Amino acid sequence: MRNLWIFLSKYNAFFFFIIFFTISIVLLLTYNSYQNASTWNSSNKIIGQAFQQSDQFKSYLKLGATNDSLSKENAWLRNQLKSSTFNDSVERGSVNDTIHHQQYRYIVAKVVNNSINRQNNFVTINRGLRHGIKRGMGVIGPTGIVGIIRDVSDNFARIQSLLHSQSRFSASVNGNIGSLVWGDGNYDPRIAMLKDIPSHVILKRGNKVVTSGFSLFPAGLDIGTVATTNPDGGNSFLNVKVKLSTDFSALQYIYVVTDLYAEEQQALEAKEENKALQ
């Protein structure tokens with residue numbers, strides 16, 4: 001108690017200053033409307049900024065959950081696209097009986113490992129057999145194709161990336177079908193090559209390159225755009241350099257494409273191949 005009294009006695013001038021200063025501020029704000037309004041506006045601005053910063057921090061903490069939610073919603077929306085349906089139409093005379101059956105479904109997954117700087121690159125996702133993932137399924141990202149499922153465990157799957165020397169996908173540009181490959185002496189994760197396009201086809205820089213619909217993917221999905229074209233060593237085909245629409249360095253969520261008619265088609269084609277060999 002004695003020490004407290006000594007402390008107050010020693011700094012009494014400071015405490016009196018604080019008391020009188022506070023009283024003067026209160027009187028100023030109470031009897032002067034302009035200063036009162038200005039002070040409240042300033043304090044509200046400071047408080048508002050504090051709340052905004054707090055809300056941004058909370059939103060940042062929830063980014064993971066938000067991304068999960070948006071990815072699931074995107075998968076649902078893709079399932080509703082017309083390109084995900086099979087047109088089972090029958091024309092009889094003037095009657096057109098059209099029924100659109102679901103052909104493609106999409107399973108959302110998160111990327112847990114990814115490589116882009118090797119000759120043969122792979123992507124690992126957190127979905128596997130128990131989620132409906134099977135070997136041979138196609139994989140797309142938010143902006144374009146990613147690759148094909150190669151290995152599957154119960155809870156994970158390994159994707160052979162488009163950025164793989166043995167990857168080959170059917171692609172279309174201006175209605176012309178070719179084979180999309182990567183590497184070919186140039187291991188740029190932003191560039192692929194479109195082969196087997198006839199040399200008489202006129203292509204311009206910026207022409208869209210999309211999936212053909214002949215394998216794994218629905219037709220019309222983005223692959224990239226034409227960057228340059230060159231004759232294939234005097235042959236009757238072009239080498240088309242394609243700027244890929246997928247940024248493989250930023251992959252976070254992907255969609256595994258389930259073709260509901262794939263097994264039926266494969267069984268039929270295998271049957272015909274066996275007949276040809278006999």
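Residues numbered from 1 in each chain as written. Predicted model: local features only at pLDDT ≥ 70, side-chain atom pairs only at ≥ 80, totals over all residues. Heavy atoms only, no water.

Draft legend 1. Looking closely at the pattern of salt bridges. Scanning the entire structure with this criterion turns up 2 salt bridges. With a shortest N-O distance of 3.1 Å, Arg190 and Asp188 are connected by a salt bridge. Take Arg190: its relative accessible area is 57%, and that puts it in the exposed class. Among the residues examined, Asp188 registers a relative accessible area of 17% and is labelled buried. The partner of Asp222 in a salt bridge is Lys208, with the nearest N and O atoms 3.0 Å apart. Placement of the pair is Asp222 in strand 12 (residues 222-231) and Lys208 in strand 11 (residues 208-211), with a sequence separation of 14 residues. Residue class for Asp222 comes out partly exposed when judged on its relative accessible area of 32%. (Salt bridge = Lys/Arg side-chain N within 4 Å of Asp/Glu carboxyl O. Buried < 20%, exposed > 50% of the residue type's maximum accessible area, 1.4 Å probe, protein only. Helix = DSSP H or I, 4+ residues; strand = E, 2+ residues; numbered from the N terminus.)

Draft legend 2. Up close: the sheet that holds strand 10 (residues 191-198). Spatially, 8-9-10-13-12-11 is the arrangement adopted by the 6 strands of the closed barrel, whose pairing is antiparallel. When strand polarity is set aside, the average angle formed by the axes of neighbouring strands in this sheet is 40 degrees. Pairing analysis gives 3 bridges linking strand 8 (residues 168-173) to strand 11, with the strands arranged antiparallel. Residue pairing across strands places Ser172 opposite Val210, the latter belonging to strand 11. (Pairing = 2+ DSSP bridges. Axes fitted to C-alpha atoms, helices over the stretch in contact; angles between N-to-C directions.)

Draft legend 3. Layout of unusual backbone geometry. Here Asn174, not a glycine, exhibits a phi torsion of approximately 50 degrees, which is positive. Position of Asn174 among the secondary structure elements: in the loop between strand 8 and strand 9 (176-181). You will see that Asp196, though not glycine, has its phi angle at about 70 degrees, which is positive.

Draft legend 4. Examining the pairing of strand 4 (residues 120-125) more closely. Relative to strand 4, strand 3 (residues 104-114) is paired through 3 bridges, and the arrangement is antiparallel. Looking at the pairing, Val111 lines up with Ile125 of strand 4. Between the antiparallel neighbours strand 3 and strand 4 lie 5 residues. Relative to strand 7 (residues 157-164), strand 4 is paired through 5 bridges, and the arrangement is antiparallel. Paired with Asn120 across the two strands is His164, which belongs to strand 7.

Draft legend 5. The packing of aromatic side chains, seen in detail. Summed over the entire model, instances satisfying the criterion amount to 2 aromatic pairs. Sitting over the ring of Phe122, Arg158 keeps its end group 3.7 Å from the ring centre. (Phe/Tyr/Trp six-rings, centres within 6.5 Å; stacked < 30°, edge-to-face > 60°. Lys NZ or Arg CZ within 6 Å of the ring centre and 35° of its normal.)

Draft legend 6. Here's a closer look at the pairing of strand 9. As defined by bridge partners, strand 8 adjoins strand 9 across 6 bridges and the pair is classed as antiparallel. Note that in strand 9 the partner of Val173 across the bridge is Asn176.

Draft legend 7. Inspection of the sheet that holds strand 14 (residues 253-259) at higher detail. The strand order around the closed barrel formed by 6 strands is 3-4-7-6-5-14, and the pairing between neighbours is antiparallel. Each strand axis lies, on average, 45 degrees off the axis of its neighbour in the sheet, ignoring direction. Looking at chain direction, strand 3 and strand 14 are connected through 7 bridges and run antiparallel. Residue pairing across strands places Tyr104 opposite Asp259, the latter belonging to strand 14.

Draft legend 8. Geometry of the confidence of the model for the protein. Of all residues in the protein, 59% have pLDDT values of 70 or greater, and the mean over the chain is 76. The least confident element of the protein is strand 1 (residues 85-92), whose mean pLDDT is 39; the most confident is strand 11, at 95. Below pLDDT 50 for its whole length, residues 82-99 participates in 35 contacts with residues either more than four positions away or in separate chains. (pLDDT = per-residue confidence, 0-100. Contact = heavy atoms within 4.5 Å.)

Draft legend 9. Examining the environment of Ile197 more closely. Here Ile197 shows up in strand 10. Overall, Ile197 belongs to the buried group, its relative accessible area being 0%. Along the primary structure Ile197 and Asn239 are separated by 42 residues, whereas in three dimensions their C-alpha atoms are 7.5 Å apart.

Draft legend 10. Spotlight on the side chain of Ser212. Checked against the element boundaries, Ser212 lands in the loop between strand 11 and strand 12. Only 2.5 Å separates the side chain of Ser212 from the side chain of Ser170, close enough to count as a polar contact. In contact with Ser212, other than residues within four places in its own chain, are Ser170, Ala171, Ser172, Ile177 and Ala219. (Polar contact = N/O pair within 3.5 Å; in protein donor to acceptor, adjacent residues only side chain to side chain.)

Draft legend 11. Structural detail: the environment of Pro142. By the secondary structure assignment, Pro142 is in the loop between strand 5 (138-140) and strand 6 (145-152). The class of Pro142 is exposed, set by a relative accessible area of 53%. Taking the C-alpha atoms as reference, Pro142 lies 9.6 Å from Asp222; in sequence the two are 80 residues apart.

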